[in-house]
Amino acid sequence: MTPHEPDVRWGKKAAKHWLGDKAHVVETTDEGQTNFVTDLRVTEPGREDSTVLNEIAERARSGTPEADTLIADGGYASAQNSVDAAQMSIDLVAPPRQDTSRGGIPASEFDIDFERRVHEHY
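None of these values were measured; they are calculated from a predicted model. Counting from 1, residues in each chain are numbered in the order their sequence is written. Only residues with pLDDT of at least 70 are given local features in this predicted model, and only at 80 or more are side-chain atom pairs given and counted; all residues enter the totals for whole chains, interfaces and linings. To obtain the side-chain values, all non-hydrogen atoms of the structure were used and water was disregarded.

Undergrad: Could you give an account of the pattern of salt bridges, with specific residues and numbers?
TA: A pair is scored as a salt bridge if a Lys or Arg side-chain nitrogen falls within 4 Å of a carboxyl oxygen belonging to Asp or Glu. Counted by the stated rule, this structure contains four salt bridges. Note that Glu55 is salt-bridged to Arg41, the shortest N-O span being 2.6 Å. With Glu55 in helix H1 (residues 53-63) and Arg41 in strand S4 (residues 37-43), the pair connects residues that are 14 residues apart, well separated along the chain. The exposure class of Glu55 is partly exposed, given its relative accessible area of 27%. Salt bridges linked by common partners bring Asp39, Arg41, Glu55 and Arg59 together as one network. Working definition: helices are DSSP H or I runs of at least four residues, strands are E runs of at least two. Numbering for both runs from the N terminus. In this scheme, a residue with accessible area under 20% of its type's maximum is buried, one over 50% is exposed, and one in between is partly exposed, where area comes from a 1.4 Å probe on protein chains only.

Set out below in structure tokens:
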């Protein structure tokens, strides 16, 4: 894809910029074994990673039913994704998203208990 094509799209994630789409790669992670790419989901570059997680998890589960852990980067982390993954009996392991609040109370000031569905402000 070149910048002169009418359908080219510009993407940005952290400090990286590109022309083209965004790929979400699902692969096995069995320690000590050969790992394989099991799925690839392509989205427009501006779509938030966290909005794709449920689809990725459902597709991964349909192709590999025994998969019970999904390891993802912070872009896929959200409270709703944690709840949805738990409902699918999948352990979502993702670092919390970086604090992007502007002038509000940052997420780091809260302790969220997902099981009891409560939060406390420090």
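Undergrad: Residues and numbers for the confidence of the model for the protein chain, please.
TA: Scored by pLDDT, the protein chain comes out at a mean of 79, with 79% of its residues at no less than 70. By definition, pLDDT measures how confident the predictor is in each residue, and it falls between 0 and 100. Of all the helices and strands in the protein chain, strand S8 (residues 118-121) carries the lowest mean pLDDT, 58, while helix H2 (residues 79-87) carries the highest, 89.

Undergrad: How would you sum up the environment of Thr64? Please name residues and give values.
TA: Mapped onto the fold, Thr64 is located in the loop between H1 and strand S5 (69-71). For the pair Thr64 and Thr28, spaced 36 residues apart in the sequence, the C-alpha separation amounts to 9.4 Å.

Undergrad: Hey, could you go over a nonpolar patch on the surface for me, with residue numbers and the actual values?
TA: The grouping of Val25, Val37, Leu40 and Val42 at the surface amounts to a nonpolar patch, some 350 Å² of accessible area in total. With three residues, S4 is the single largest residue contributor to the nonpolar patch. Considering the arrangement of structural elements, one finds Leu40 in strand S4. The patches reported here contain residues having more than 30% relative accessible area and no salt bridge. Joining distances are 9 Å for like charges and 5 Å for nonpolar side chains (Val, Leu, Ile, Met, Phe, Trp, Tyr). Per-residue accessibility takes into account occlusion by the displayed protein chains alone, with areas from the Shrake-Rupley method and a 1.4 Å probe.

Undergrad: Explain the nonpolar core residue by residue, including any values.
TA: By convention a nonpolar core is built from buried Ala, Val, Leu, Ile, Met, Phe, Trp, Tyr and Cys residues, the set being connected through side-chain atoms within 4.5 Å. Of all hydrophobic cores here, the largest spans twelve residues; its members are Val26, Val52, Leu53, Ile56, Ala57, Ala60, Leu70, Ala72, Tyr76, Ala85, Ile90 and Leu92. At four residues, H1 tops the list of elements feeding residues into this core. Any pair of residues with heavy atoms lying within 4.5 Å of one another is described as a contacting pair. Ignoring any residue separated from it by four or fewer positions in sequence, one finds Val52 in contact with His24, Arg41, Thr43 and Arg47.

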